Amino acid sequence: MGAADNEFVGEPGEVLRALHDDLEARAAALRTGATVPSGGISFGKRVGEGTSIAIERFADVAIHDQIVGQLALVDAALARVDEGTYGACQVCGKPIARERLEAIPWAATCVACA
Ligand SMILES: [Zn+2]
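Residues numbered from 1 in each chain as written. Predicted model: local features only at pLDDT ≥ 70, side-chain atom pairs only at ≥ 80, totals over all residues. Heavy atoms only, no water.

*Asks:* Please set out the coordination of the zinc ion residue by residue, giving values where relevant.
*Replies:* Protein-derived coordination of the zinc ion comes from Cys89 (SG), Cys92 (SG), Cys110 (SG) and Cys113 (SG), at a distance range of 2.3 Å. What the four donor atoms of the zinc ion show is an angle range of 104 to 116° at the metal, which sorts the shape as tetrahedral. Of note, the zinc ion draws all its donor residues from one chain, in the sequence arrangement C-x2-C-x17-C-x2-C. One end of the pair, cysteine 89, is in the loop between helix 3 (61-83) and helix 4 (98-103); the other, cysteine 113, is in the segment after helix 4, with 24 residues separating them in the sequence. Residue classification places cysteine 113 among the partly exposed positions, given a relative accessible area of 27%. (Donors = N, O, S within 2.8 Å, 3.2 Å for Na, K, Ca; no water. Tetrahedral: all angles 85-135°; square planar, octahedral: opposite > 155°, others 65-115°. Helix = DSSP H or I, 4+ residues; strand = E, 2+ residues; numbered from the N terminus. Buried < 20%, exposed > 50% of the residue type's maximum accessible area, 1.4 Å probe, protein only.)

*Asks:* Just give me the short version of the confidence of the model for the chain, but keep the residues and values in it.
*Replies:* Per-chain confidence: the chain averages 78 in pLDDT, with 68% of residues scoring 70 or above. Contacts for the low-pLDDT stretch residues 39-45, under 50 throughout, to residues beyond four places or in other chains number eight contacts. In the model, residues 49-58 has pLDDT below 50 throughout and makes 18 contacts with residues more than four positions away in sequence or in other chains. (pLDDT = per-residue confidence, 0-100. Contact = heavy atoms within 4.5 Å.)

*Asks:* Quick one: what's the story with the pattern of salt bridges, residue by residue and with numbers?
*Replies:* Counting across every chain of the model gives three salt bridges. Across the pair arginine 98 and glutamate 102 runs a salt bridge, and its minimum N-O distance is 3.6 Å. Highlighted residues: arginine 98 and glutamate 102, both in helix 4, separated by four residues, approximately one helical turn. In this structure glutamate 102 comes out as partly exposed when scored by relative accessible area, which is 21%. Each member of the salt-bridge network shares a partner with another, and the members are Arg98, Glu99 and Glu102. (Salt bridge = Lys/Arg side-chain N within 4 Å of Asp/Glu carboxyl O.)

*Asks:* I'd like a description of helix 3, backed by residues and values.
*Replies:* Given a rise of 1.5 Å per residue, 23 residues ought to cover 33 Å, and the 33 Å separating the end C-alpha atoms of helix 3 matches this to within 8%. In this structure, the buried residues of helix 3 make contact with helix 2 (12-32). (Expected span 1.5 Å × (residues − 1).)

*Asks:* Give a description of the packing of helix 2 against helix 3 that names residues and reports values.
*Replies:* At a closest axis distance of 9 Å, the pairing of helix 2 and helix 3 adopts a crossing angle of 155°. Taken as axis vectors, helix 2 and helix 3 run roughly antiparallel relative to one another. Judged by the sense of rotation from one axis to the other, the crossing of helix 2 with helix 3 is left-handed. Counting all contacts with helix 2, which are made through Pro12, Gly13, Leu16, Arg17, Leu19, His20, Leu23, Glu24, Arg26, Ala27, Leu30 and Arg31, the residues of helix 3 involved are Ile63, His64, Ile67, Gln70, Leu71, Val74, Asp75, Ala77, Leu78 and Val81. Here the residues of the contact of helix 2 with helix 3 are counted per class, giving 13 nonpolar, four polar and five charged. (Axes fitted to C-alpha atoms, helices over the stretch in contact; angles between N-to-C directions. Parallel < 35°, antiparallel > 145°, perpendicular 65-115°, else oblique. Left-handed = near helix turned anticlockwise from the far one by under 90°. Nonpolar A, V, L, I, M, F, W, Y, C, P; charged D, E, K, R; others polar.)

Below, the structure is given as structure tokens:
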């Protein structure tokens, strides 16, 4: 119940930094042709709504580009954490629903503005 929710809300930067590191490692591995480890972070299970990133097998340039694009979104969200604006919709300024941020920690807009 509440404890886990509060924990997440309190540490969005931690989640985002873990995502950043994971994405960066995968992008780097793709560039070097290394085998991508299937990863300690089981975040893929939580990535549902609207995102097509597959945290499973990375074999081609399109996927690399996708990871880089994802990384940019995560970094932008990290910047908002630093600014103290994380969790506010970038369009209407209203708070983004916690459920949405749990599903998409890098979400920049509320559901209505997405
Ligand atoms: Zn909005």
